[in-house]
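# Notes for the structure review
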Amino acid sequence: MRAIYCIILLLSFIKVDGTNLDSLFSQANNFYASEKYDSSIVLYDSILSLGYESEEVYYNLGNCYYLKGNIPNSILYFEKSLVINPNSLDAKSNLEITHKRISYLEELPQLFVYKWWNYFIDIFSVNIWAIVVLVFLWLSCFAIYLFYTIKKKRLFNTIIILVMVSCVFTGALNSKINSSQKVYGILSEKSAIYVQANTNNRLSEVGQGNKALILSEKDEWIFVRFSNGLQGWLKMESLLVI
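Residue positions are counted from 1 within each chain, in the order its sequence is given. Residues qualify for local features only when their pLDDT is at least 70, as the model is predicted, and side-chain atom pairs are given and counted only at 80 or more; totals for whole chains, interfaces and linings, by contrast, use all residues. The basis for every side-chain value is the complete set of heavy atoms in the structure, and neither hydrogens nor water enter the calculation.

## Looking at the overall build of the chain
Helix and strand assignments come from DSSP, with helices taken as H or I runs of at least 4 residues and strands as E runs of at least 2, each series counted from the N terminus. On a plain count of helices and strands, the chain comes out with nine helices and seven strands. Against the 2.2 N^0.38 benchmark of 18 Å for 242 residues, the chain shows a C-alpha radius of gyration of 23 Å, more extended than a compact globule. In terms of overall dimensions, the chain has C-alpha extents of about 80 × 55 × 35 Å along its principal axes. The buried label goes to any residue with under 20% of its type's maximum accessible area, the exposed label to any with over 50%, and the partly exposed label to all in between, with areas taken from a 1.4 Å probe on protein chains only. Relative to its full complement of 242 residues, the chain shows a buried share of 35%. A separation of at least 24 residues holds for 54% of the contacts in the chain among residues at least 6 apart in sequence. Carbon and sulfur atoms form 58% of the exposed surface of the chain, whose accessible area is close to 15000 Å². When we talk radius of gyration, it's over C-alpha atoms, and the globule rule is simply 2.2 Å times the number of residues to the 0.38. Any two residues whose heavy atoms approach within 4.5 Å at even a single point are treated as in contact. Each accessible area is a Shrake-Rupley estimate made with a 1.4 Å probe; only the visible protein chains count as cover when residues are assessed.

Have a look at this one:
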């Protein structure tokens, strides 16, 4: 513990710039390699407290907590890493490993089309999808201009294709925006799910580490939905917000 306090004291005197951030990250990695996970977590957290986020920091925090046996926090940070980069194979793989350490709620079966669409919209971030949509809208407008200028039938077919593709990409952008606005959390401990807030009428119990979609809040309670379709109220203190 004394080493951790020294690290915190040292951080208070460090001037923040790109070089120091790299140094902090490198020191945290060295602590991790030396199996000093508490010290490593302090340094990774210090990087986040300075307002800098990266999938690597979240991913490494997930590994630290996993090796310390703190599965809920491990899942939390792997999920945070995937928010930044949904296509990270390492984070996905480690997340699957952590799920085997908990009483994981199986997801409701989904239609193939729905699965394909979710995979499709995760190809790009919101910003990249916005750029793609703007490019195809511009191409559509340019093709329409050429059609009225040259009046060739082949251009009309091109316009139809461009407009259809633009509509699909616009739908993907809207879906991505809606998905990014959803707030999820990870259960920090085994928690009771209630029929209503501020009551003792239990609906079920869900094990630690499971992921829930936050639908609404009321005082110190939140209404959530789990991957298996279970919905109910739980105390806000039980959830680690992603």
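## Considerations on unusual backbone geometry
Backbone geometry at Glu35 places phi at a positive 65°, although glycine is not the residue there. Phi angles above zero are rare outside glycine, and Asp219 is one such case at about 55°. With respect to the element layout, Asp219 can be found in the loop between strand 4 (211–218) and strand 5 (221–226).

## Focus on the pairing of strand 4
Both strand 1 (residues 184–187) and strand 4 contribute to a ladder of three bridges, which runs antiparallel. Directly across from Ile186, in strand 4, lies its bridge partner Lys211. Bridge count for strand 4 against strand 5 is six bridges, and the pairing is antiparallel. Within strand 5, the position partnered with Leu213 by the bridge is Arg225. Between strand 4 and strand 5, which pair antiparallel in sequence order, lie two residues; one of them, Asp219, sits at a positive phi of approximately 55°. Between any two strands, pairing holds if DSSP finds at least two bridges.

## Observations regarding the packing of helix 5 (residues 71–84) against helix 6 (residues 89–99)
Relative orientation of the contacting elements helix 5 and helix 6 amounts to 155°, with a least axis distance of 9 Å. Put simply, helix 5 runs roughly antiparallel to helix 6. Handedness of the crossing formed by helix 5 with helix 6: left-handed. Here helix 5 contributes Ile71, Ser74, Ile75, Phe78, Glu79, Ser81 and Leu82 to the contact with helix 6, which in turn contributes Ala91, Lys92, Asn94, Leu95, Thr98 and His99. Residue type decides the class: Asp, Glu, Lys and Arg count as charged, Ala, Val, Leu, Ile, Met, Phe, Trp, Tyr, Cys and Pro as nonpolar, and the leftover types, Gly among them, as polar. A breakdown of the residues in the contact of helix 5 with helix 6 according to their chemical character gives six nonpolar, five polar and two charged. What counts as an axis is a line fitted to C-alpha atoms, over the stretch in contact for a helix, and the angles between N-to-C directions run from 0 to 180 degrees. Should an angle fall under 35 degrees it is called roughly parallel, over 145 degrees roughly antiparallel, and 65 to 115 degrees roughly perpendicular, with every other angle called oblique. By convention the crossing between two helices is left-handed if the near helix lies anticlockwise of the far one by an angle smaller than a right angle, and right-handed if it lies clockwise.

## Brief notes about the side chain of Ser191
Structurally, the position occupied by Ser191 is in strand 2 (residues 191–194). A polar side-chain atom of Ser191 sits 2.8 Å from the main-chain carbonyl oxygen of Glu189. Contacts of Ser191, omitting those with residues within four sequence positions, involve Ser204, Glu205, Val206 and Ser238. By the criterion applied in these results, polar contacts are pairs of N or O atoms within 3.5 Å in which, for protein atoms, one can donate a hydrogen and the other can accept it, and in which residues neighboring in sequence qualify only through two side-chain atoms.

## Re the pattern of salt bridges
Note on definitions: salt bridges are taken to be side-chain nitrogens of Lys or Arg within 4 Å of carboxyl oxygens of Asp or Glu. Evaluated as defined, the whole model comprises five salt bridges. Between Asp38 and Lys68 there is a salt bridge, with the nearest N and O atoms lying 2.8 Å from each other. Of this pair, Asp38 sits in helix 3 (residues 37–49) while Lys68 sits in helix 4 (residues 55–68); the two residues are 30 residues apart in sequence, bridging distant segments of the chain. Look at Lys68 and you get partly exposed, because its relative accessible area is 40%.

## Brief notes about the packing of aromatic side chains
Aromatic contacts are taken between Phe, Tyr and Trp rings whose centres are within 6.5 Å, Trp giving its six-membered ring; a plane angle under 30 degrees counts as stacked, one over 60 as edge-to-face, and the others as tilted. What the rule picks out here adds up to 18 aromatic pairs. Ring centres of Trp116 and Phe120 lie 5.2 Å apart, and the angle between their planes is 5°; this geometry places the pair in the stacked category. Of this pair, Trp116 and Phe120 both sit in helix 7 (residues 112–121), four residues apart, roughly one helical turn. By relative accessible area, which is 14% here, Phe120 ends up buried. Site record: aromatic cluster; members linked through ring pairs are Trp116, Trp117, Phe120, Phe124, Trp129, Phe136 and Phe169.

## Some words on the state of the cysteines
The criterion for a disulfide is a pair of cysteine sulfur atoms lying within 2.5 Å. Under the criterion given, the structure shown has zero disulfides. Its sulfur unpaired, Cys141 is 12 Å from the next cysteine sulfur, which belongs to Cys167. For Cys141, a relative accessible area of 53% gives the class exposed.

## Comments concerning the environment of Gln231
By secondary structure assignment, the location of Gln231 is in strand 6 (residues 231–235). Between the alpha carbons of Gln231 and Ile214 there is a distance of 10.0 Å; along the sequence they are 17 residues apart. What Gln231 contacts, discounting residues up to four positions off in sequence, is Ile193, Leu203, Leu215, Phe223, Val224 and Arg225. Among the polar contacts listed, one links the side chain of Gln231 to the side chain of Arg225, at a separation of 3.2 Å.

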